Amino acid sequence: MTPSSGDRGSAGDGALERTAPIPPPDPSSPHEVRAAERLLLDGRLTVEGRLVQASNATLYCAVESGRVRAACVYKPVSGERPLWDFPDGTLAQREVAAYAVSQVMGWNIVPPTVHRDGPYGPGMVQLWVEPDPDVDLVALSRSEAPAIRRMAVFDAVINNADRKIGHLLPPGGAHVYGCDHGVTFSAEYKLRTVLWQWRGERLTDEAVEALGRVRDALDGGLGERLSGLLTAEEVAATRHRVELMLRHRVHPFPSEDWPAVPWPPL
């Protein structure tokens, strides 16, 4: 995502010489995905600017190891703004949990994301995705594109309370990434999104298969991973949401007790 769009905001120094992003790894190549994760986890992290419009401290960084250098986003826990409905200091872990679910679903919605120490303490580090500037994000968010429908299902699984238009990252082609998954996995139903065009419609066979993978993985590696990032109640609620969607085979409806769309929606 470019530093001037979406919740990630704009870099504070207009004369900043920013590290150019590298293409995201091929999701069909486990080797490339693991290499990206290792770079983010073990590479030397250098802050190059701050995205000043973001509500939490969001830093544009370079991460490098040997001759490999990439752009990334670093959100230190110390820069998280307290929220009334989420425990303090947990947003970075929720972003990593969203990446874990994205990987199990097989849809590669969340760019490679890790939790590590950085210049301002522990936090979330995520590979920077550069979107196609010619894509109309408003039109994309209202479209029937398969990638957007997948994101609607993914958001229902992670109980995303803040899917804004600016959180869509289309790098070109048919794929769309998503970012900013800090307010997710609440034990209470808080789904708040701009992607309601399929509410009440039957899930695709592809979605049912992806949900089945999550259900099965919650009994194994994914369940263990989420247990280290979320509370036991939140993991149980995630399981319940998945089982509910598999039972009814429909996209969820908005809550009657919670705003359906985040504000501002952009």
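Read on for a plain summary of the structure. (Residues numbered from 1 in each chain as written. Predicted model: local features only at pLDDT ≥ 70, side-chain atom pairs only at ≥ 80, totals over all residues. Heavy atoms only, no water.)

## Here we look at empty space enclosed by the protein
- Under the criterion given, the structure shown has one cavity of 30 Å³ or more.
- Its boundaries defined by the atoms lining it, the largest cavity holds a volume of some 60 Å³.
- Along its surface, the largest cavity is lined by Ala152, Ala156, Leu191, Thr193, Leu195, Trp196, Trp198, Arg199, His251 and Pro252. (1 Å grid on protein atoms, 1.4 Å probe; cavity = no way out; pocket = protein on both sides within 12 Å on 5 of 7 lines; lining within 4 Å. Points joined across faces, edges and corners; volume = space filled by probe spheres on them.)

## Describing the nonpolar core
- Core analysis: the biggest nonpolar cluster contains 48 residues, and Val101, Met105, Val153, Phe154, Leu211, Leu222 and Leu226 have the highest contact counts within it.
- Those elements that provide at least two residues to this core are helix 2 (91-105), helix 4 (146-158), helix 5 (205-217), helix 6 (221-227) and helix 7 (232-248).
- Sorting elements by how many residues they give to this core places helix 4 first, with nine residues.
- If near-sequence neighbours (up to four positions away) are discounted, Phe154 is found in contact with Ala98, Val101, Ser102, Met105, Trp107, Ile109, Val110, Arg163 and His181.
- Within the second largest apolar cluster, 12 residues are counted, among which are Cys61, Val63, Val114 and Leu127. (Core = buried A, V, L, I, M, F, W, Y, C linked by side-chain atoms within 4.5 Å. Buried < 20%, exposed > 50% of the residue type's maximum accessible area, 1.4 Å probe, protein only. Helix = DSSP H or I, 4+ residues; strand = E, 2+ residues; numbered from the N terminus. Contact = heavy atoms within 4.5 Å.)

## What about unusual backbone geometry?
- Geometrically, the link from Trp263 to Pro264 is a cis peptide bond, its omega value of -5 degrees lying close to zero.
- Tracing the backbone through its elements, the reader meets Pro264 in the segment after helix 7.
- The backbone phi angle of Asn108 is positive, close to 55 degrees, even though this residue is not glycine.
- Here Asn108 is to be found in the loop between helix 2 and strand 4 (113-118).
- With a phi angle near 65 degrees, Phe185 is a residue other than glycine that sits in the positive phi range.
- Locating Phe185 in the fold gives a position in the loop between strand 7 (177-178) and helix 5.
- With relative accessibility at 0%, the residue Phe185 sits in the buried group.

## Considerations on the environment of Glu201
- Along the chain, Glu201 turns up in the loop between strand 7 and helix 5.
- Spatially, the C-alpha atom of Glu201 lies 35 Å from that of Val73, the residues being 128 residues apart in sequence.
- The residues touching Glu201, leaving out its near neighbours within four places in the chain, are Arg149, Arg249, Val250 and His251.

## What about the packing of helix 2 against helix 4?
- One way to put it is that helix 2 packs onto helix 4 with a least axis distance of 11 Å and a crossing angle of 130 degrees. When the axis of helix 2 is compared with that of helix 4, the two are oblique. Seen from above, helix 2 lies across helix 4 with right-handed handedness. Residues Ala98, Val101, Ser102 and Met105 of helix 2 form the contact with helix 4, whose participating residues are Val153, Phe154, Val157 and Ile158.
- Broken down by class, the residue content of the contact of helix 2 with helix 4 amounts to seven nonpolar, one polar and no charged. (Axes fitted to C-alpha atoms, helices over the stretch in contact; angles between N-to-C directions. Parallel < 35°, antiparallel > 145°, perpendicular 65-115°, else oblique. Left-handed = near helix turned anticlockwise from the far one by under 90°. Nonpolar A, V, L, I, M, F, W, Y, C, P; charged D, E, K, R; others polar.)

## A closer look at the packing of aromatic side chains
- By the definition in use, this model includes one aromatic pair.
- Ring centres of Tyr60 and Trp128 lie 4.6 Å apart, and the angle between their planes is 80 degrees; this geometry places the pair in the edge-to-face category. In this pair, Tyr60 sits in strand 2 (residues 59-65) while Trp128 sits in the loop between strand 5 (121-127) and helix 3 (137-141), placing the two residues 68 residues apart along the sequence. For the pair formed by Tyr60 and Trp128, the shared burial category is buried. (Phe/Tyr/Trp six-rings, centres within 6.5 Å; stacked < 30°, edge-to-face > 60°.)

## Brief notes about the pairing of strand 2
- The buried fraction of strand 2 amounts to six of the seven residues, a majority that puts the element mostly inside the structure.
- Of the strand pairs in this sheet, strand 1 (residues 44-50) and strand 2 are connected by six bridges, and their pairing is antiparallel. Each bridged residue has a counterpart across the sheet, and for Arg44 the counterpart in strand 2 is Glu64.
- Note that strand 2 and strand 3 (residues 68-76) share seven bridges and pair antiparallel. Each bridged residue has a counterpart across the sheet, and for Ser65 the counterpart in strand 3 is Val68.
- Between the antiparallel neighbours strand 2 and strand 3 lie two residues, among them Gly66 with a positive phi of about 65 degrees. (Pairing = 2+ DSSP bridges.)

So, to be careful, I would describe these as geometric facts and stop short of saying anything about function.
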